[in-house]
Amino acid sequence: MTIKQLQTATTAKLKPYQSARSTDLTGSVWLNANENPYLNPAIKGLEIHANRYPQPQPEVLIQAYADYATVAPNNVLVTRGADEGIELLIRSFCEPSQDSILITSPTYGMYAVSANSQNVGVIDVPLDQDFQPIKDDISAQIAATKIVFLCCPNNPTGSRIPLETIESILQLAQGKCLVVVDEAYIEFSAQPSAVNLLEKYPNLVILRTLSKAFGLAGIRCGFVLANTDIIQIMKKQIAPYPLCCFAIDTAIQALQTPYLAWMKESVKQINQQKQSLQSWLKETLSWTPLCTSDTNFIAYQFDTEVADSLFFFLAEQDMLVRKFDTVQPSQSEIRITMGTPQEMSQLKKYLSLFFAKNDNRTVSNAGVTV
Ligand code: PMP
């Protein structure tokens, strides 16, 4: 099956929305978009023309991200966060009430949420005990799915999938369905991106975001990297102006050399903090992480009852962590995102307190196999 045949019948019939700014028209008098011709002088310092609609796919931003990701500009689609990329993929390639996506739990919740909200089925092929996809089980479901979502590095476990495994899944999906590799946390990983596989696999899609390593979750800027057929199909479903001008301006600045250097330095610091928290937890509380984390968080597994009381204990101290359940019965995980050094010291203090309060109960997770 070609990529074009994979899109829904509804998407196939669509023509991309031609907004006033998406046309190739040039001119200096813009009377074609019902904008206000006046710009409030209070925001002139930003040199942003907020009275005008922004470019739908801003060329400067697309070029800057293409350079960063080492792909061509026509392999890039900018979206309102990677979340919009997920939603658009499902909308463009899955027919409601008919098609399904495949997820490998435990994984990022938005794949299923987006599918459910669009009345698309969700086939779950859980990861194995080392948090790796089970190829044979995926293969058995491939004919029943339009999109396989792989998250690497994975949220909420932090685990990564070796590139060879990703490639073998791409091979079994070739001509049958898309394989989406969500690389929201790729900057924190020592493993290279799957981006070099794009040339070989027309059915590969990579999701990226400025929300994590770039420290820009507030601007809602994500990217889809894929072959042009896929990008063109998704353009038929995207909203006319997915990003506001302030987000575009900030994102462009974030892809310049000085900001990139800051981003890389902050990734280094966050990874060091992760190492140091992990060592402290091992030495002080004998806690072993769920698995090696290639992200900006670490997950620890406990009996559900312990995880619940730890979660609420920290919440009482005004400290929020995330609790989730893996497939293992009566076990739950606590996922800790790295904060500032000060926040990490506070966390250690509260964890020591929790441990001291509960030392007559099983709060050690030393028995967990990782
Ligand atoms: N993918 C993964 C794996 C994530 O963890 C997240 C954010 N939690 C996203 C995508 C969404 O990112 P964005 O903020 O760009 O929508």
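### A word on the state of the cysteines
Point 1. Using the criterion set out here, one finds zero disulfides in the structure.
Point 2. Here Cys177 is not disulfide-linked; the sulfur of Cys94 is the nearest cysteine sulfur, at 9.6 Å.
Point 3. Of the residues examined, Cys177 reaches a relative accessible area of 0% and is grouped as buried.
Point 4. In this structure Cys245 is a free cysteine whose sulfur lies 5.5 Å from that of Cys244, the closest cysteine sulfur available.
Point 5. A residue is classified by how much of its surface remains accessible, and Cys245, at 17% relative accessible area, is buried.

### A word on unusual backbone geometry
Point 1. Residue Pro106 is bonded to the preceding Ser105 through a cis peptide linkage, with omega at -5°.
Point 2. Following the sequence through the fold, Pro106 ends up in the loop between strand E2 (100-103) and helix H5 (110-117).
Point 3. Cis geometry marks the peptide bond from Cys152 to Pro153; its omega dihedral reads -5°.
Point 4. Mapped onto the secondary structure, Pro153 falls in the loop between strand E4 (147-151) and helix H7 (163-173).
Point 5. Even without being a glycine, Ser97 presents a positive backbone phi close to 65°.
Point 6. Examined against the element boundaries, Ser97 turns out to sit in the loop between helix H4 (81-93) and E2.
Point 7. In the Ramachandran plot, Arg220 falls in the positive-phi region, its phi being about 55° despite a non-glycine side chain.

### Notes on the site of the ligand
Point 1. By nearness alone, 13 residues border the ligand, and Ala82, Asp182, Tyr185, Thr209 and Ser211 come closest of all.
Point 2. Between a nitrogen atom of the ligand and a side-chain N or O atom of Lys212, the distance comes to 3.0 Å.
Point 3. Taking 400 Å² as the accessible area of the ligand by itself, protein coverage stands at 91%.
Point 4. Broken down by element, the residue count for the shell around the ligand peaks at three residues, all from H4.
Point 5. In terms of residue class, the shell around the ligand is made up of five nonpolar, four polar and four charged.

### Description of the sheet that holds strand E9 (residues 322-324)
Hydrogen bonds along the backbone pair up the strands of a sheet, which may run parallel or antiparallel.
Point 1. Here three strands make up an open sheet; going across it, the order is E8-E10-E9 and the pairing antiparallel. If you trace the sheet from one side to the other, it starts and ends with strand E8 (297-303) and E9, each paired once. Direction aside, the axes of adjacent strands within the sheet are offset by 25° on average.
Point 2. Sheet analysis places E9 next to strand E10 (residues 331-337), joined by three bridges and oriented antiparallel. Directly across from Lys323, in E10, lies its bridge partner Ile334.

### Remarks on the confidence of the model for the chain
Point 1. Looking at the chain as a whole, its pLDDT mean stands at 90, while 90% of the residues score no less than 70.
Point 2. Across residues 366-370 the pLDDT falls below 50, and counting only partners more than four positions away or on other chains, this stretch makes seven contacts in the model.

### Here's the deal with H5
Point 1. What H5 keeps buried is the set Tyr111, Ala112, Ser114 and Ala115. For H5, the angular spread of the buried residues around the axis is 165°, confining them to a single face. Across H5 from its buried face, at more than 90 degrees, point the exposed residues Asn116 and Ser117.
Point 2. Residues of H5 that are buried sit in contact with H4, E2, strand E3 (121-124), E4 and strand E5 (178-182).
Point 3. Backbone geometry just downstream of H5 places Asn119 in the positive-phi region, at approximately 60°.

### With respect to the packing of H4 against H5
A pair of packed helices is characterised by two quantities: the angle between their axes and the separation of those axes.
Point 1. The geometry of H4 relative to H5 is characterised by a closest axis approach of 9 Å and an angle of 45° between their N-to-C directions. For the element pair H4 / H5, the angle class is oblique. Handedness of the H4/H5 crossing: right-handed. Along its contact with H4, which presents Asp83, Ile86, Glu87 and Ile90, the element H5 presents Met110, Tyr111, Ser114 and Ala115.

Definitions and cut-offs
- Residues numbered from 1 in each chain as written.
- Predicted model: local features only at pLDDT ≥ 70, side-chain atom pairs only at ≥ 80, totals over all residues.
- Heavy atoms only, no water.
- Disulfide = S-S within 2.5 Å.
- Buried < 20%, exposed > 50% of the residue type's maximum accessible area, 1.4 Å probe, protein only.
- Helix = DSSP H or I, 4+ residues; strand = E, 2+ residues; numbered from the N terminus.
- Near = heavy atom within 4 Å.
- Polar contact = N/O pair within 3.5 Å; in protein donor to acceptor, adjacent residues only side chain to side chain.
- Areas by Shrake-Rupley, 256 points an atom, 1.4 Å probe, with all protein chains shown as cover.
- Nonpolar A, V, L, I, M, F, W, Y, C, P; charged D, E, K, R; others polar.
- Pairing = 2+ DSSP bridges.
- Axes fitted to C-alpha atoms, helices over the stretch in contact; angles between N-to-C directions.
- pLDDT = per-residue confidence, 0-100.
- Contact = heavy atoms within 4.5 Å.
- Arc of directions from axis to C-beta.
- Parallel < 35°, antiparallel > 145°, perpendicular 65-115°, else oblique.
- Left-handed = near helix turned anticlockwise from the far one by under 90°.

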